[in-house]
Every structure is written in C-alpha cells, then in structure tokens.
Amino acid sequence: MANQAEVKYETRSVKTVRGMEDRTRSKLEREGWEFVSQNVGTVRSELVFRRPAPKRPWLVWAILGGVLVLLFGFIIIMSVVTGSDPEKDDAVSATPSPAVPSSVPPSPTPSATPWSEPPAPQPEAVEPPVEDTTVDALLDRLNSAGMGGIALGDRFRFTGELVMPDMWFTGAAGEYTVLLSAQGGAQDLQVFVDEDLAANWSDGTRVEMVVESVEATINGETTDGWLRVVSAAVL
C-alpha cells in the first residue's frame, strides 16, 4: 500500500496580553487552528498554532497560463499584420529637406554672463499616509507574524466602539489606555490616548480614530506593536 502524502501545515503566531491567553487560544481553536506552543514574555505572550495548508489550485493556474500564452501570440501576429510599409518609409526618408538660404546671417554668439547656482528648494512638510482599515483587520495584523508588515510610524484610520471603561488605565509605560471591541466582543484592541481627550468617552461610544504604530517601554523592555491615537472624533 502506498504511503499517504505528508500533510503540510501553515503556522500562525499570535501575540496577546498576559492573562488573555486562554481566550485567544479558544477563539483560534474554534476557527480550526491547532495549538502548538506558548512563549510567555514580561508583558505579552506569544502563542503558536498550525493547521493543514490548503491545496494549491494547480489546474486553474495551468489554464490561466495557457490563456496568457495564446493572448501573447495573438498580440505578436497583430503587430506583424499591422506593421509599417517599407516602401512608404523609404519614400519619406528620400524626400529632401528644404535648403537653408545662404543669405541668412549666422546667429550672433551670446555674450558670456556670470552663472550662479540656484537656491536649493526647501522640502515641504508631508503628512504620513493614512491607511483605511477596521478594528478586526488591524488586530489580526498586529497578532500575525511580523505584525503583518506594520512598521513604526504607520498610520491607520478606522471606526470602532469603546468598551469596558472600568478597565481603562495609565500603565507602566505612562500611557493612558482605552479598549475597543474586536472580533464581535471576543477580543479587544488597546490604544494609547490623551486622557483629557477620552474624558467624555464611555462604554459603547463610537469613535473614528487615526492611530500610529509606536514603541512602548515597560519594566525596561521596549516592544513594538502598540498604537497611539493621533486624532479622534466621536460619531
């Protein structure tokens, strides 16, 4: 009997705040992920999951490749059929250009003038680009490997609902932190914000925010993957 093909897995690394590991693990296991390992840090824990990788649709790619080859061949044939006429090209090139009258005096030689280097243009202040997203999509990118490509200074715009104001606090990093509902209430997204700005916010308040990816130092450990509010408007 032939051996069964080896199962290939895709892996996913999720970062979560200490104490929230069980909730994160339960959510991903409901989505079909298998728990592999856990790495507990000072501030956050990293959980690793895996699940069988989906099979690649080779037949679809093969058909698409054949269509592209046929299209490329059609373009070549059309370019040959509609090419330029060599006889007309020769006739055009054989037409003499009009002679310049000998009576036209030569143009005078311009007098030399002192040259000075123009001043260098001053760079204008450019606002960083802002990417429109959602709370759920942003949380998934922060929890994915390499933070889903998020770099320090990246900015995002989304609309979210504030939750659990009794858990808003000023942490060890010295930043006031509020929570936004994510994944239908199964998780939450933490953001740093000026406490005065959040003075009138409460449970259920909907806010349109622009946030920026920043670093935070907690107990001497500097980590990325934190978000600070740049601007916010209550809806």
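Scoring rules and cut-offs
Residues numbered from 1 in each chain as written. Predicted model: local features only at pLDDT ≥ 70, side-chain atom pairs only at ≥ 80, totals over all residues. Heavy atoms only, no water. Pairing = 2+ DSSP bridges. Helix = DSSP H or I, 4+ residues; strand = E, 2+ residues; numbered from the N terminus. Axes fitted to C-alpha atoms, helices over the stretch in contact; angles between N-to-C directions. Contact = heavy atoms within 4.5 Å. Core = buried A, V, L, I, M, F, W, Y, C linked by side-chain atoms within 4.5 Å. Buried < 20%, exposed > 50% of the residue type's maximum accessible area, 1.4 Å probe, protein only.

Novice: A description of the sheet that holds strand β2 (residues 34-40) should follow, citing residues and the corresponding values.
Specialist: Sheet architecture is open: three strands sit in the order β1-β3-β2, paired in antiparallel fashion. Either end of the sheet is taken by a strand with one partner, and the two such strands are β1 (9-17) and β2. Within the sheet, the average angular offset between the axes of one strand and its neighbour, ignoring direction, is 20 degrees. Contacts from helix α1 (residues 21-30) reach β1, β2 and β3 (44-52), with the element oriented near 150 degrees to β1.

Novice: An account of the pairing of strand β9 (residues 206-218) is requested, with residue identities and associated values reported.
Specialist: Looking along a regular strand, one sees side chains alternate from face to face of the sheet. Relative to β9, strand β5 (residues 155-163) is paired through seven bridges, and the arrangement is antiparallel. When the sheet's bridge partners are listed, G160 is paired in β9 with V207. Alignment of β9 against strand β10 (residues 221-234), held across eleven bridges, turns out to be antiparallel. In the sheet register, V210 faces β10, and the bridge partner there is S231.

Novice: Report on the nonpolar core, specifying residues and quantitative values.
Specialist: In a soluble, globular protein the nonpolar side chains are often hidden away together inside. In this structure, V178, L189, V191, W201, M209 and V211 are the most contacted members of the largest nonpolar core, which totals 26 residues. Of all the elements in the fold, those that place two or more residues in this core are α4 (135-143), β5, β7 (176-182), β8 (187-192), β9 and β10. Per-element tally for this core: the top contributor is β7, with five residues. With residues up to four places along the chain from it excluded, the contact list for V191 reads Y176, T177, V178, L180, M209, V211, L227 and V229. Counting six residues, the second-largest nonpolar core is a separate cluster that includes V43, F192, V214 and A216.

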